[in-house]
Amino acid sequence: MGSRILITGGAGFIGSHTCLVLLDAGHELVVLDNFDNSNPEALKRVEELAGRGALSVVEGDVRQSDVLDQAFRCKGPIDGVIHFAGLKAVGESVADPLRYWDVNLNGSRVLAAAMEQHGCRTLVFSSTSTVYGEPDQFPLTEELTTAPVHPYAQTKLAVEQMLQALCRSGAWRVACLRYFNPVGAHPSGRIGEDPLGIPNNLFPFMTQVAAGRRERLQIFGNDYPTHDGTGIRDYIHVMDLAEAHTVTLDHLLKQPAPSILTLNIGTGTGLSVLDVVNGFEAATGLTIPYDLVERRPGDVPRLQACPERAKTVLGWTARRSLEEMCRDGWAWQQANPMGYRKPA
Ligand code: NAD
Ligand code: UD1
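Predicted model only: the values in this text are computed from it and were never measured.

The rules behind each value
Residues numbered from 1 in each chain as written. Chains lettered and ligands numbered in written order. Predicted model: local features only at pLDDT ≥ 70, side-chain atom pairs only at ≥ 80, totals over all residues. Heavy atoms only, no water. Pairing = 2+ DSSP bridges. Helix = DSSP H or I, 4+ residues; strand = E, 2+ residues; numbered from the N terminus. Axes fitted to C-alpha atoms, helices over the stretch in contact; angles between N-to-C directions. Contact = heavy atoms within 4.5 Å. 1 Å grid on protein atoms, 1.4 Å probe; cavity = no way out; pocket = protein on both sides within 12 Å on 5 of 7 lines; lining within 4 Å. Points joined across faces, edges and corners; volume = space filled by probe spheres on them. Nonpolar A, V, L, I, M, F, W, Y, C, P; charged D, E, K, R; others polar. Core = buried A, V, L, I, M, F, W, Y, C linked by side-chain atoms within 4.5 Å. Buried < 20%, exposed > 50% of the residue type's maximum accessible area, 1.4 Å probe, protein only. Near = heavy atom within 4 Å. Polar contact = N/O pair within 3.5 Å; in protein donor to acceptor, adjacent residues only side chain to side chain. Areas by Shrake-Rupley, 256 points an atom, 1.4 Å probe, with all protein chains shown as cover.

### A word on the sheet that holds strand β1 (residues 4–8)
Reasoning step 1: Pairing is parallel in the open sheet, where seven strands are placed in the order β3-β2-β1-β4-β5-β6-β11. Both edges of this open sheet fall to β3 (55–59) and β11 (259–265), since each of them pairs with a single strand only. Neighbour-to-neighbour, the strand axes of the sheet open up by a mean angle of 15 degrees, direction not taken into account.
Reasoning step 2: Relative to strand β6 (residues 173–179), strand β5 (residues 122–128) is paired through seven bridges, and the arrangement is parallel. From the neighbouring strand, Leu123 faces β6, where its bridge partner is Val174.
Reasoning step 3: Of the strands in this sheet, β5, β6 and β11 touch helix α6 (residues 151–169), which is tilted by about 155 degrees from β5.

Put into structure tokens, the structure is as follows:
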């Protein structure tokens, strides 16, 4: 039988794909989102793709306990929570750290307090591979020392620590998932990543160049100590990441409390920026014009997961290839040139 799950930030990029996978697995969902960085249209399309309407939406801010009360009361007792709601732009976190501490840490604190109050102590939290800072040992295992170098990653690590403390103090079951670089889209092309303004991240920028919306890709740095000089990341198909959430939640719901789990969610494969550009060209038959430019401040040469713990504990591994990431990301971009907004 399905569970009843509260998804904060469920209208966002990773949240919307996860909602679809959860609906397909038979769960009932309550989505809490203030649509700060997303569009309600994403949730309509999720229901359309799932072919059922088992998703209720509470529009509001995760920092407000009355909004959380509404979410917890909306359908009946909640079995578990997946907490995506948060801010994720590194540069913005350097410029406005207080906002990041407020939304990311305080938002998680208010959520955890509401969970206690409503007797729900099972939580999956969106953490990030950037908690490892600038590591020099690869692949990255979860035991490595964390050393976040910007407020965004610092807030995520602080939430991990708060949740660990909760597990020490009571009957909580928590999983902190450290995502590597999620890309791609659902293969239908109906839901995908919809950044506002100029994309910061490689994949959406590249697909917008392919679509002619931007002229050229700037490749930030070609003098890194990597096989071709460009930065290496562990890119993971967003559907693989979404599936990791259902598996994690099913696992947690079977665990005796207290239980705390910290897991890398990546493929284990490191790809350079040029590997990605070449892979995209091969998958789509398109050409991506690019310039090699200066390094972007704050970028690290390499991030690459050791995904073994997730495999051992959950039996989960990423299955989709770079070709599928490119094909599905491109299908989404082509079908939705302006994302969820209507073209002018
Ligand atoms: P996203 O911005 O697409 O989704 C976040 C969602 O949270 C959005 O729908 C937004 O409207 C909502 N939200 C933001 N602040 C809120 C608030 N105060 N109250 C209620 N809702 C709020 O981002 P995403 O890429 O889907 O990322 C989801 C989570 O995963 C974030 O916590 C992010 O930090 C984390 N993460 C993302 C990546 C990545 O590369 N995309 C990598 C590591 C970790
Ligand atoms: C960035 C954030 C990270 C966040 C993630 C998802 C930084 C320093 N890190 O990760 O904290 O979790 O986004 O939001 O911002 N690149 C180009 N040209 C571009 C864009 C990127 O060459 O136009 C390169 C980058 O230098 C990097 C790689 O592509 O080597 C991946 O970049 P990106 O997609 O922005 O992800 P991260 O930097 O890993």
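### Considering the layout of surface pockets
Reasoning step 1: Here the second largest pocket defines a volume of roughly 170 Å³.
Reasoning step 2: Taken together, 15 residues form the lining of the second largest pocket, with Thr267, Thr269, Ala318, Arg320 and Met325 sitting closest to its centre.
Reasoning step 3: When contributions to the lining of the second largest pocket are tallied by element, the ones reaching two or more residues are α10 (308–314) and α11 (322–335).
Reasoning step 4: Considered class by class, the residues forming the lining of the second largest pocket number six nonpolar, five polar and four charged.

### Describing the nonpolar core
Reasoning step 1: Core analysis: the biggest nonpolar cluster contains 40 residues, and Ile7, Leu29, Leu55, Ile82 and Ile265 have the highest contact counts within it.
Reasoning step 2: Contributions of two or more residues to this core are made by β1, α1 (13–24), β2 (28–33), α2 (40–50), β6, α8 (238–254), β11 and α10.
Reasoning step 3: Looking at this core element by element, the count peaks at six residues for α1.
Reasoning step 4: Ignoring anything within four residues of it in the chain, the contact list for Leu29 reads Ile5, Ile7, Cys19, Leu22, Leu23, Ala54, Leu55, Ser56 and Lys75.
Reasoning step 5: Leu6, Val58, Val67 and Leu68 belong to the second largest nonpolar core, which has 27 residues in total.

### Points about the site of ligand 2
Reasoning step 1: Asn201, Gln218, Arg233, Arg296 and Asp299 are the nearest of the 20 residues found near ligand 2.
Reasoning step 2: In this structure, Arg296 approaches ligand 2 through a side-chain N or O atom, which is 2.7 Å from an oxygen atom.
Reasoning step 3: A distance of 2.6 Å separates an oxygen atom of ligand 2 from a polar side-chain atom of Asp299.
Reasoning step 4: Computed on the free molecule, ligand 2 has an accessible area of 740 Å², of which 88% lies beneath the protein chains in the complex.
Reasoning step 5: Among the elements that take part in the shell around ligand 2, strand β8 (residues 217–220) stands out by supplying four residues, more than any other.
Reasoning step 6: Here the shell around ligand 2 is composed, by residue class, of eight nonpolar, eight polar and four charged.

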